[in-house]
Amino acid sequence: MANPILDKVAIVGYEMTDFGDLYEMGIADMSNMAINGALRKAGVDSNEVDALYVGNAGSGQFLGQEHLGCLIASESGIYTNATSIEASGASGTAAMRIVTHGILSGYMERVVVVGVEKMTSLNKSADTQEALATSLDTIWESSMGATLPGNFALMAKAHMREYGTTREQMAQVAVKNHDHARLNPRAQFSNKLRIESVLNSKVLADPINIFEGCAASDGAAAIVMMAPDVAESYDSEPVFLRQSHQTHDYLSLQQRPNLHELRSVRKGAEMGYKKLNITAKDISFAEVHDVYTIAEILAIEALGLVAPGEGGKATEEGKTSLNGEIPVNTSGGLKARGYPIGASGVAQVIEIMDQFKGNAGERQLKDIEWGLAQSLGGAGGTSVVSFFSR
Amino acid sequence: MIIMTRKLVAENWRLEKARYALVGNFCKKCLGYHFPKKQLCLRCKTSEHLEEYKFKHEGKLLEWTKIYDPAKGFDFAGPYYYCIVELEEGIKITTQLKYVTDEGRLKYGMKVKLVFRRLFSHGNEGLNTYGFKAVPVY
Ligand SMILES: [Zn+2]
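Reading the values: the criteria
Starting afresh in each chain, residues are numbered from 1 along the sequence in its written order. Lettering for chains starts from A, numbering for ligands starts from 1, and both go in the order in which the items are written. For a predicted model such as this one, the threshold for reporting local features is a pLDDT of at least 70, and the threshold for listing and counting side-chain atom pairs is 80 or more; totals across whole chains, interfaces and linings nevertheless cover every residue. The side-chain numbers reported here are obtained from all heavy atoms of the structure, hydrogens and water having been left aside. The secondary structure listing takes helices from DSSP runs of H or I that are at least 4 residues long and strands from runs of E that are at least 2 residues long, numbered from the N terminus. As a reference, a globule follows 2.2 Å times the number of residues to the power 0.38, and the radius of gyration itself is taken over C-alpha atoms. Accessible area is worked out with a 1.4 Å probe on protein chains only. A residue is then buried under 20% of its type maximum, exposed over 50%, and partly exposed in between. In this description, contact between two residues means that some pair of their heavy atoms is separated by no more than 4.5 Å. By the counting scheme adopted, Arg and Lys are positive, Glu and Asp are negative, and His together with the chain ends is not counted. We put the charge of a Lys on NZ, of an Arg on CZ, of an Asp on CG and of a Glu on CD. Metal sites are built from N, O and S donor atoms within 2.8 Å, or 3.2 Å for Na, K and Ca, and they leave out water, so they may look incomplete. By the criteria applied here, four donors are tetrahedral when all angles lie between 85 and 135 degrees, four are square planar and six octahedral when opposite donors are over 155 degrees apart and every other angle lies between 65 and 115, and any other arrangement is irregular. For two strands to pair, DSSP has to find at least two bridges joining them. Take a side-chain nitrogen of Lys or Arg and a carboxyl oxygen of Asp or Glu: if they are within 4 Å of each other, that pair is a salt bridge. Buried area is a sum: the accessible area each of two parts loses on coming together, probed at 1.4 Å, counted once for each and added.

(A) Region of interest: the overall build of chain A. Looking only at helices and strands, chain A features 14 helices and 11 strands. On C-alpha atoms alone, chain A measures out to a radius of gyration of 19 Å, which is about the 21 Å that the 2.2 N^0.38 rule sets for 390 residues. Oriented by its inertia axes, the alpha-carbon framework of chain A measures out at about 55 × 45 × 40 Å. For chain A, with 390 residues in total, the buried portion stands at 64%. Across chain A, every contact between residues at least 6 apart in sequence was considered, and the portion connecting residues at least 24 apart equals 77%. Across chain A, the centroid of the 32 positively charged side chains sits 4 Å from that of the 46 negatively charged ones.

(B) Spatial organisation of the coordination of the zinc ion. All names here are of chain B. In this structure, Cys27 (SG), Cys30 (SG), Cys41 (SG) and Cys44 (SG) serve as the protein donors to the zinc ion, at separations of 2.3 to 2.4 Å. Considering all 4 donor atoms around the zinc ion, angles at the metal cover 102 to 116° and the coordination shape is tetrahedral. The sequence pattern formed by the donor residues of the zinc ion is C-x2-C-x10-C-x2-C. For Cys27, a relative accessible area of 1% translates into the label buried.

(C) Local environment of the pairing of strand β11 (residues 382-389) of chain A. Residues and elements named next belong to chain A. Most of β11 is tucked away: 8 of the 8 residues are buried. Residues Thr382, Val384, Ser386 and Phe388 line one face of β11 and the alternating positions Ser383, Val385, Phe387 and Ser389 line the opposite face, and both faces are buried. By the bridge criterion, 8 bridges tie strand β8 (residues 239-248) to β11 in an arrangement that is antiparallel. Within β11, the residue paired with Gln246 across the bridge is Val384. As paired elements, strand β10 (residues 371-377) and β11 share 7 bridges and run antiparallel to each other. Its bridge partner being in β11, Leu372 is matched across the sheet by Phe387. Linking β10 to β11, which pair antiparallel, is a turn of 4 residues; within it Gly378 sits at a positive phi near 55°.

(D) Representation of the pattern of salt bridges in the model. All names here are of chain B. Counted by the stated rule, this structure contains 23 salt bridges over all chains. Between Arg14 and Glu11 there is a salt bridge, with its nearest N and O atoms 2.5 Å apart. Residue Arg14 and its partner Glu11 are both found in helix α1 (residues 9-14); the two are separated by 3 residues, about one turn of the helix. The exposed category is assigned to Arg14, whose relative accessible area is 53%. Judged by relative accessible area, Glu11 falls into the partly exposed class, the value being 23%.

(E) Structural view of the interface of chain A and chain B. Facing 37 residues of chain A, the contacting portion of chain B comprises 38 residues. Where chain A abuts chain B, roughly 3,200 Å² becomes buried across the two surfaces, and 60% of that area is made up of carbon and sulfur atoms. Area buried by chain A at its contact with chain B is led by Glu130, Trp140 and Met144 of chain A, which between them contribute 25% of it. On inspection of chain A and its partner chain B, the count reaches 2 salt bridges. Salt-bridge contacts for Arg161 of chain A lead to Glu63 of chain B; the nearest nitrogen and oxygen are separated by 2.4 Å.

Take a look at the structure:
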């Protein structure tokens, strides 16, 4: 096992593109901007980079492009080993987590992680949905008529039945995250969203409406990770990744014992709290995977930030708003900052960096000690929960 | 453009027994059922005690949703119900729920039976793929 004194990895430079329809840029262009922006901010020369890890969920589906590690390295002027990691919506944080192994083992010192997705080149939403549904069991779910919102709808129905969660409480997640995104200049959506608009928008799969999910988006986000002793010469006050746990539940919903909780997330969070000897009460703020509104409610419960069944009520009471007890998705979340799938986990880390570094502008939080990032693959089959502190 | 398992004819042939007749397997050692069929028992890690098993076409309805934005290739019949069914043997499957005349009468835990229907088509001139769907028993 890794030495506990060294059992942390520094994050030094970071950069992301805007998220949204980036018509002018291909997947390698966006990656190049984020990677070299992060290196410049870190003060690291590209030939000092030991490895490049790419988090990407579906370039094979969205663009017909595989072998992404090599493509992005070639087009970013990084001449070192490069590998692409796929874990659906958790691709970015799964890539980040793998890098900690290389750094903690002493094999690598300076590594770039870029999360990237180019989704808007598919011009029909049915095609986008089909690509998203490849993160489910394509034989026993997708071939029976499943869609990603359909799966989350089953989870929402289970939560409503078990705990009495309401449509209004779920819709409030989207309203709150749009309110946060209005303070984030990089967000895809900066419009005020009214609860009536969410509730009256087109139904995707009852009880999930279109304004409770994410739009197709392009974007890249990159961080430079370093061994703590190496980071000292680049940043006198680095932010550290202290723990990161990847956990799983069954891929298909029918194999899970129940649908009203994200067991994968709970397991990862509990492992992290135990290792760090902290509890959920110590978390100052969190970026969570709100791919649909119910997913944020399920996430904050599984992370222990609120009691099981209280996620909807807590959201309605403003506990997870910017000025609430435990601010959740200050960036605007997947919903409003945008969800270029492979980029989103790294973008969560960037929001955490912005908050710790005092770069969060109007959404800046005060007196923060622990930041948490949680991302999901598919409908919760994969979870990565990561803990950050100064 | 997007390759998906269900568009590959060979994949569909391979799954025919499972889809047409709910064939899975039963492990005589740990007394566990498997659906779809496993090459090795997931608990005993061997094929030694496995025998083919045809599941009963009866079970109970767990969660359901009405999908208004259909998956590509499933838009031939308008919005459809999609659900999880627990078979009598305790195994759960995902499928569509047909012949829902009154959604208000659907209940968690209610009885359903499985029927044989078209699942999807491979384009306008392609093959049809058939399999099971659930029907509520009021
Ligand atoms: Zn067995």
